Amino acid sequence: FETDISFDRGLYAGPFGYLGNDSADIVVAIRSALVTNYQEGRISQIDSSSPRNRPESKVSVFGGAGIVDGSTVQGEWTETSHKMGVLSSLFPPSPITLQSFSMPNVAWSTAFIEELIRNGVTQFYVCPGSRNTPLTAAIFKATRSNVGIVRAVSVHDERGAGFRALGYARQNGRPAAVITSSGTAVANLYPSVVESSSDGVPLLVITADRPYENRDTGSNQSIDQVKMFSSSYVRWFRDIPPPSDDVPVSLALSDANHAVTLTKQMMGPVHLNVQFRENLAPDGGPIRNDNRVDSVTKFNNLRFTDASGFLDWSRSGNRWLNSHYSNNNSLGSTMEIKDLIRKSRRGIIVTGNLRDSEHVGQGTDSLSSLISQFAQTIGFPVVAGVQSGALRRESPTIPYAEHLMKNPMIAKGMQPDLVIQLGTPLISTEIGGIIKSNPAVRHVLVQQFYPYERADPDHTVTHRISSNIGTFLKGLMSDIESSGTVNRYSELTPLVFLGNELRKQMPNIIREAGSSESLGSDVTLTEPEITRAISEVLNEAEGKSTPMSLFLSNSMPVRDGELFLYPEGNEGATSLQPLLRNDAKFPFSVSVNRGASGIDGILSTATGCGDSSQPTTLVCGDVTTLHDLNAFYGLTADHTPSNSAQTVTNANRLPLTTVIVNNGGGAIFSFLPIAKHGQDVGFEEYWGTPTNNFSFEQGASAFGLPYKSATSFEDFKNAYRSSIQSGGPGIIEAKVVHRSTNVEVHKKITQGAIRAVDSIINESSVTHGVRLKMKLP
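Residues numbered from 1 in each chain as written. Predicted model: local features only at pLDDT ≥ 70, side-chain atom pairs only at ≥ 80, totals over all residues. Heavy atoms only, no water.

S.K.: Account for the pairing of strand S8 (residues 203–209), naming residues and giving values.
M.R.: Here S8 lies mainly inside the structure; seven of its seven residues are buried. On S8, burial covers both faces: Leu203, Val205, Thr207 and Asp209 on one face and Leu204, Ile206 and Ala208 on the other are all buried. Summarising the sheet, strand S7 (residues 177–180) and S8 pair through four bridges and their orientation is parallel. Paired with Val178 across the bridge in S8 is Val205. (Buried < 20%, exposed > 50% of the residue type's maximum accessible area, 1.4 Å probe, protein only. Helix = DSSP H or I, 4+ residues; strand = E, 2+ residues; numbered from the N terminus. Pairing = 2+ DSSP bridges.)

Next comes the structure, spelled out in structure tokens:
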């Protein structure tokens, strides 16, 4: 029996017993450790001259699980992994010597993946394929030796895998890696690469490729993958030669380290294209499909690891290289902006996508509080875009700002002299129009820009500051507080009061607009009511559950979010005091794929956000859902990755509630001028694109996901509340009024809000003595 076991079982540890034709008796210790003197071994051959670097003893950790009825190999391995993980975490990690590997692909991939992990890449999205076998096997082993730290998810569709990695990075503030085979599998990553680049989200793309001798020969599944993605999008590309001992391990470690550093520092995709020769599987001996003389695997692991610094890397557990980049936050820019604030009388703060490396991954809570503090320090009100998430609950924020700015009196009378924009892009179209109509306005844009990024579509920016937003605001506030030269007031501050007053009336305005357009119809639910219901339910849930993340699809959901997604207000606000209060509640962050603003990969991106185990709600349209329907497979219970050391239970199912807004096609086009031409231009077929022949209920059933439908406001609100309370995945089909009716509903809401604001201005001037200092013509 001992001849079949290659490792020391220790005292009563590991398998011990006998196997026979008629019976078997196996004894397994649940947990134990064996300490032995460490006098021999391959590692001593590497650095025999440095005995201080050699451990004096070796600890071998053993674990096992009892086999009972219903046991499965995966289940027992999962149990053992958890037991081993607890015990082995008490000891330093074993040196990664690579001396037990006789195949170059295995040694290279093991070192490469380990360096990625040490640099913070712990989430891998692995697409099935043959050419990427060495990488996949190395990732699988890494998940077993890093239980609860490293996670790998198998994703059938490369396009979806790219977007899922993108969503993970959005939510967690660190890159995930997507692994693919060769051929068109790589091309499917292009949409996510474009979005990653356009919106400054880190993404690590690792593609397997055929070696040089297979290129341009017609070899199967071989295409030109070298710089496949345009340099306009990829921050760095590296074509890595097939692993061999001719190239030391130090290059693999340096490549991995540099790739992670660049994708984080330059905020965008990095593409590593790795050539692999056979044998792809961890098999030594004869080389597969090569019948030439002496075609066997040759690899000298001592030569491969004979590189300066490798021994320290092997034993220390540290990354290969530590890179530090200073934040270019010059004193000059701070002084200039402070001077602009000091001179301003009609200043305002506008926020877009808050790209901030210091706070990303923490939601928008901490950064929102900092922006609120900054706004109160200088006395400026805030137009908080929906991407700002939790900032909309802060007291300096102008509720329903978009509706206020649609009022002709407000739009003409605002005339800001200073706009401080934090983050880009903006969803709002109204604030852009107001800035463009004021040639004298100073427009300051603060954002952590990636190289060559311009972010000035209307050409109105007068001061461009590339900086971490949080760092810049802290420095500016410190300077302002120490000098005490700022007025701490803006003549646009009354907009906060107007917004709070309008907030009291918006629920009725939204309800009445829908009621008047859906009389006599079985379907009464409108798209604005969906946004309102989500806001109300999440306000109910605050403090009772984990804060919710919200992912809004492009097209109508993000626009409705900009218009209607606000927390419940302070009903007692009758003066300008809300600027100094923080009673409004809004407990979640909001994400949008607004880099290229496409509707492909939306479900996959939202799933990636949910991979952090934070409850997430996705709001998307019916056409968007059909674009990415197979992403629902990633939510099924039996899709829990087998190599993640997680048991397959409902508790491991992603907490993603998907709200499908079914308006029977592409609703956004009904708002465009082409809609009035109707069937003269084939509007319904080529723009409306009806989806009525597809059953989302049957689609949910095919994936085994809970499904509910709603046709009224109360039905939807109850369905949504129930879904998020369940803690697992679920689909709600929100059947709404027709697309053409939706246009009329939005028009009536705008008209109702304009009338309400006019009434508030007139009443406030008489009743409360509030004088809105608008420069009316």
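S.K.: Could you give an account of helix H19 (residues 556–564), with specific residues and numbers?
M.R.: Of all nine residues in H19, eight are buried; the element is thus mostly enclosed. Along H19, the residues that are buried comprise Met556, Pro557, Val558, Asp560, Gly561, Glu562, Leu563 and Phe564.

S.K.: Any details on the side chain of Asp622? Residues and values, ideally.
M.R.: Within the fold, Asp622 resides in helix H21 (residues 622–627). Within the buried set, Asp622 has no salt-bridge partner at all; the shortest N-O distance to an opposite charge, 6.4 Å, is to Arg739. A distance of 3.1 Å separates the side chain of Asp622 from the backbone nitrogen of Gly664, its partner in a polar contact. Here Gly665 takes part through its backbone nitrogen, which lies 2.7 Å from a polar atom of the side chain of Asp622. (Lys, Arg positive; Asp, Glu negative; His and termini not counted. Salt bridge = Lys/Arg side-chain N within 4 Å of Asp/Glu carboxyl O. Polar contact = N/O pair within 3.5 Å; in protein donor to acceptor, adjacent residues only side chain to side chain.)

S.K.: A description of the sheet that holds strand S21 (residues 730–735) should follow, citing residues and the corresponding values.
M.R.: Ordered by their spatial adjacency, six strands build an open sheet running S17-S16-S18-S19-S21-S20, and the pairing between neighbours is parallel. Single-partner strands in this sheet number two, and they are strand S17 (589–592) and strand S20 (707–710). Between one strand and the next, the sheet's axes are offset by a mean angle of 20°, whatever the strand orientation. Relative to S17, strand S16 (residues 549–552) runs parallel, the two sharing four bridges. By the bridge assignment, Leu550 is partnered in S17 with Val590. This element, helix H20 (residues 602–610), spans S16, strand S18 (616–621) and strand S19 (656–662) of the sheet and lies at about 175° to S18. This element, helix H24 (residues 713–726), spans S18, S19, S20 and S21 of the sheet and lies at about 170° to S21. (Axes fitted to C-alpha atoms, helices over the stretch in contact; angles between N-to-C directions. Contact = heavy atoms within 4.5 Å.)

Geometric descriptors of this kind do not, in isolation, establish any biological role.
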